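As a plain string of letters, each chain reads:
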Amino acid sequence: MIPVGFAYERPSSVDGALALLAEHGEEASVMAGGHSLLPVMKLRLAAPELIIDISKLSELSYVKVDGDEVAIGAGTRHSTVERSDVLAAESPLLAGVARTVGDPQVRHRGTIGGSLAHADPASDLPAAVLALGGTVVLRSPRGTRSVPITEFFTGVFSTAKEPDELLVEIRVPRTGGAGWAYEKFTRRANDWAIVGVAVVDGRVGLVNMGQTPLRATATEEALAGGASIADAAALADQGTEPPEDLAGTKEYRRHLARVLTRRALTTAAGG
Amino acid sequence: MTVKVEITVNGESTSADVEPRLLLAHYLRDQLGLKDTNVGCDTTSCGACTVLLDGESIKSCTVLAVQADQQSVTTMEGLSTDSDNLHPVPAAFRAEHGLQCGFCTPGMVMAAVSLLEENPKPTEKQVREGLEGNLCRCTGYHNIVRAVLAASGQDPDKAEGSEPDMVAPGFSTGSGA
Ligand SMILES: Cc1cc2nc3c(=O)[nH]c(=O)nc-3n(C[C@H](O)[C@H](O)[C@H](O)COP(=O)(O)OP(=O)(O)OC[C@H]3O[C@@H](n4cnc5c(N)ncnc54)[C@H](O)[C@@H]3O)c2cc1C
Ligand code: FES
Ligand code: FES
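Residues numbered from 1 in each chain as written. Chains lettered and ligands numbered in written order. Predicted model: local features only at pLDDT ≥ 70, side-chain atom pairs only at ≥ 80, totals over all residues. Heavy atoms only, no water.

- Where an unreviewed UniProt entry is consulted, chain B appears under the name (2Fe-2S)-binding protein, with the organism given as Pseudonocardia humida.

- In the annotation of an unreviewed UniProt entry, the entry for chain A reads Xanthine dehydrogenase family protein subunit M, and the organism field reads Pseudonocardia humida.

So, in structure tokens, the structure goes:
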């Protein structure tokens, strides 16, 4: 399958990319790893007139401790997140979740920024950043702003990012030794999650349980109020609107969310 | 619109004016005539098109040739000098009968080279997980896994039972604390 023809620019800096975005607006698409964008272009479900290739911008690829947070460049590939010593020590949930994305070839190309900007509710990393209570940093010629992850996802494939903005950084709190777990339920290796549950430090992020990644707030509140893991996990599907498709009915997904939350909380508690 | 690309392929510089939409797989097969790299699913699922980009496995049906500009690509053709001097990975595939029809083989071999680069002594489970992006329509996985273990210098019969130190990512990951 061959995409519709497009023009191609490879700016040598973030500023160059921002200038191109400002000039071309919604006719242009930024391409990072291309592992969500190129497949939809090959299916001709998307046909941008201009591709702005940011895959070689090394200034967007880093993982570093910054105060009480870890800052991750938006262009950092899943394989780097997966193996980062900084993340292993400071935010092991993120490294553990990155390890479950696709397969090694996909992880060698796909980026954390692309995964968040694409905002597929079935993706793993958005729910992990949500469970961590992170922030995304967006830049445009108008300036730089930080958006809490709780306000970033606005719907299926849609976010609070404006068309002239580039996602430049993801910031997550240093959770260090706090218990964490990721339960990703699939039928086959290499599949997307039918449901996924990310737990860290008493917070719970849900994959594929609604239009956006969600926090299991009823579970979190019950835990904070001293409820047992079993009782808190039984509330994990409250307030969710899971999709229904070949992989499972809504009811099946609700059941999975409760069971996987119990497992993840148990693992995170060291059980 | 065409864009000039310069890609080092199997150690040799190549260059062409290409349409930005040209896939790396087609650059290798059609522009350079390197037909070891197969296109199977064309949807990033089967891994038949796997090559190394700067030493790391990628699926060349999902990378634009322009994105590989100024980088280096290794295909199966670039591994061995000739059929009497096979690179250790294809040599092990031959010795362990790690192929049947052979369609998935170049992709499997390139994925295995990348896997062993990152993890020179993998357990049997790590080999299976490391190859999860590659499908064998002949379902010859057993001998493929043995071949990769053998290529890593391990005795596949002994490594078979080695203790898995990772839970299958498809189902669960470990925990911290
Ligand atoms: C076979 C396969 C299996 C997969 N399995 C999984 C899986 O199990 N779990 C999972 O979570 N994901 C999975 N993915 C998706 C993968 O993680 C993608 O890499 C990721 O979703 C997108 O990252 P990218 O860098 O490739 O983004 P791209 O495809 O380059 O871009 C995606 C979108 O984000 C925009 N964008 C990218 N970067 C930026 C930026 N810095 N600023 C603003 N906008 C930006 C692009 O314009 C585009 O709209 C899979 C993909 C494939 C092909
Ligand atoms: S042809 Fe590229 S993954 Fe199947
Ligand atoms: S040997 Fe036939 S597809 Fe693998």
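1. Considerations on the UniProt feature "domain: FAD-binding PCMH-type" (unreviewed entry) in chain A
At step 1: The feature "domain: FAD-binding PCMH-type" (unreviewed entry), as given by UniProt, occupies residues 1–177 of chain A in the numbering adopted here.
At step 2: Here residues 1–177 of chain A is 35% helix and 25% strand, with 46 Å between the C-alpha atoms at its ends. (UniProt positions renumbered as here; feature names shortened; annotations may be inferred. Helix = DSSP H or I, 4+ residues; strand = E, 2+ residues; numbered from the N terminus.)

2. Considerations on the packing of helix H2 (residues 88–95) of chain B against helix H3 (residues 105–118) of chain B
Residues and elements named next belong to chain B.
At step 1: Their axes nearest at 9 Å, the elements H2 and H3 cross at an angle of 125°. The orientation of H2 relative to H3 falls into the category oblique. Two packed elements cross with a definite hand, and for H2 against H3 that hand is right-handed. The residues of H3 that touch H2, namely those facing Val89, Pro90 and Phe93, are Thr105, Met108, Val109, Ala112, Val113 and Leu116.
At step 2: Taken together, the residues of the contact of H2 with H3 sort by class into eight nonpolar, one polar and no charged. (Axes fitted to C-alpha atoms, helices over the stretch in contact; angles between N-to-C directions. Parallel < 35°, antiparallel > 145°, perpendicular 65-115°, else oblique. Left-handed = near helix turned anticlockwise from the far one by under 90°. Contact = heavy atoms within 4.5 Å. Nonpolar A, V, L, I, M, F, W, Y, C, P; charged D, E, K, R; others polar.)

3. As for unusual backbone geometry
At step 1: Positioned with a positive phi, Ala119 of chain A is a non-glycine residue whose angle comes to about 55°.
At step 2: With respect to the helices and strands, the residue Ala119 of chain A is situated in the loop between helix H7 (112–118) and helix H8 (124–132).
At step 3: The class for Ala119 of chain A is buried, based on a relative accessible area of 1%.
At step 4: Phi at Thr139 of chain B takes a positive value of approximately 55°, unusual for a residue other than glycine.
At step 5: Relative accessible area serves as the criterion here: at 56%, Thr139 of chain B is assigned to the exposed category. (Buried < 20%, exposed > 50% of the residue type's maximum accessible area, 1.4 Å probe, protein only.)

4. Brief notes about helix H1 (residues 14–24) of chain A
Turn by turn, an α-helix covers 3.6 residues, leaving residues three or four places apart pointing in a common direction.
Residues and elements named next belong to chain A.
At step 1: Of all the residues in H1, the buried ones are Val14, Ala17, Leu18, Leu20 and Leu21. Taken end-on, H1 shows its buried residues confined to a sector of 160°, consistent with a single buried face. In H1, the exposed positions that point more than 90 degrees away from the buried face belong to Asp15 and Glu23.
At step 2: Buried residues belonging to H1 abut strand S1 (7–9), strand S2 (28–31), strand S3 (50–53), strand S6 (135–140) and strand S10 (166–173).
At step 3: Within two residues after H1, Gly25 carries a phi angle of roughly 55°, on the positive side. (Arc of directions from axis to C-beta.)

5. Things to note about the domain arrangement of chain A
At step 1: For chain A, the domain assignment lists domain 1 (7–53), domain 2 (58–173) and domain 3 (180–268).
At step 2: Using only C-alpha atoms to locate each centre, domain 1 of chain A and domain 3 of chain A end up separated by 34 Å. (Domains from an automatic or database assignment.)

6. Comments concerning the nonpolar core
Residues and elements named next belong to chain A.
At step 1: The biggest cluster of nonpolar side chains holds 38 residues, and the ones touching the most others in it are Ile72, Leu93, Leu94, Leu116 and Phe152.
At step 2: If one sorts the elements of this core by residue count, H8 sits on top with seven residues.
At step 3: If we skip the residues at most four places from it in the chain, Phe152 touches Leu116, Val136, Leu138, Val147, Ser158, Thr159, Ala160, Lys161 and Leu167. (Core = buried A, V, L, I, M, F, W, Y, C linked by side-chain atoms within 4.5 Å.)

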